[in-house]
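Letter by letter, the chains look like this.
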Amino acid sequence: AGAVVEALIADQKADSFVFSQLSAKTGYQSVQYLSHRKDLAWFYGGLGETLKATGRLKDAEGALRKAVELREKVVADSPKSVEDQQALATSYLNLGDLLKDAGRLKAAEELVRKAIGAYRDARQGWAELLSKSPGDAEYLVKFVETSVALIGLHNTAGRAMEAEAAFQDTLALL
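Note that this is a predicted model, so its numbers are computed, not measured.

Quick word on the side chain of Glu61
- You can see Glu61 is positioned in helix α3 (residues 57-77).
- Other than its neighbours up to four places away in sequence, Glu61 contacts Leu95, Leu98, Leu99 and Arg104.

Structure representation (structure tokens):
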């Protein structure tokens, strides 16, 4: 796996250089590059989870941090994408879970806070899309899934009042 990861990192560095040069000259953001970042974030997230499952926690942390870094860049490039916000929240949670298991509770709590913010943003985005297309089943399912995740995070963090408020907000929007 080490050679594959190193090749991907080298590939990403080359792409980053080319993208920065094109962007500086044209101001154009490549959709293909953005998609490449999403693919790499997905890869690193999966790699991190696999390494965690095999007990290689230090390597897992590095991969999960890379997934978070890439997801943050994707969201910065397309802040209105609710799917990207939701993916970022999941990346925060995956890294936070690893840090919690390693006893690094303060760092894990910070990631849970970031995940709550990202889930809140995604939930609001799904609600807006749902208000524009009330009969769209996909938007409704995504809105409910994101709401349940947000409520669950509040409960896990011991924030019962926030969980109740998010639950009431969800009901009001349905």
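Details of the confidence of the model for the protein
- Per-chain confidence: the protein averages 80 in pLDDT, with 80% of residues scoring 70 or above.
- No element of the protein has a lower mean pLDDT than helix α1 (residues 2-26), at 52, and none a higher one than α3, at 94.

Remarks on the packing of helix α6 (residues 137-156) against helix α7 (residues 160-173)
- Put simply, α6 and α7 touch, their axes get as near as 7 Å, and they point 165° apart. It follows that α6 is roughly antiparallel to α7 by the angle criterion. Note that α6 runs across α7; the crossing there is left-handed. Note on element contacts: α7 touches α6 through Ala160, Glu162, Ala163, Ala166, Phe167, Thr170 and Leu173, opposite Phe143, Ser147, Leu150, Ile151, His154 and Asn155.
- In the contact of α6 with α7, the residues fall into 8 nonpolar, 4 polar and 1 charged.

Let's talk about the pattern of salt bridges
- In the structure shown here, the tally under the stated rule is 12 salt bridges.
- Its salt-bridge partner being Asp101, residue Lys52 comes within 3.4 Å of it at the nearest N-O pair. Of this pair, Lys52 sits in helix α2 (residues 31-53) while Asp101 is found in helix α4 (residues 82-101), placing the two residues 49 residues apart along the sequence.
- The exposure class of Lys52 is buried, given its relative accessible area of 18%.
- Linking Arg113 and Glu109 is a salt bridge whose minimum nitrogen-to-oxygen distance equals 2.6 Å. Placement of the pair is Arg113 and Glu109 together in helix α5 (residues 105-132), with a separation of 4 residues, close to one helical turn.
- Judged by its relative accessible area of 43%, Arg113 falls in the partly exposed class.
- Each of Lys52, Asp97, Lys100 and Asp101 takes part in salt bridges that share partners, so that together they form one network.

Considering the packing of α4 against α5
- Relative orientation of the contacting elements α4 and α5 amounts to 160°, with a least axis distance of 8 Å. As the angle between them shows, α4 and α5 are arranged roughly antiparallel. Handedness of the α4/α5 crossing: left-handed.
- Of the residues assigned to the contact of α4 with α5, the class counts are 17 nonpolar, 5 polar and 4 charged.

What counts and how
Residues numbered from 1 in each chain as written. Predicted model: local features only at pLDDT ≥ 70, side-chain atom pairs only at ≥ 80, totals over all residues. Heavy atoms only, no water. Helix = DSSP H or I, 4+ residues; strand = E, 2+ residues; numbered from the N terminus. Contact = heavy atoms within 4.5 Å. pLDDT = per-residue confidence, 0-100. Axes fitted to C-alpha atoms, helices over the stretch in contact; angles between N-to-C directions. Parallel < 35°, antiparallel > 145°, perpendicular 65-115°, else oblique. Left-handed = near helix turned anticlockwise from the far one by under 90°. Nonpolar A, V, L, I, M, F, W, Y, C, P; charged D, E, K, R; others polar. Salt bridge = Lys/Arg side-chain N within 4 Å of Asp/Glu carboxyl O. Buried < 20%, exposed > 50% of the residue type's maximum accessible area, 1.4 Å probe, protein only.

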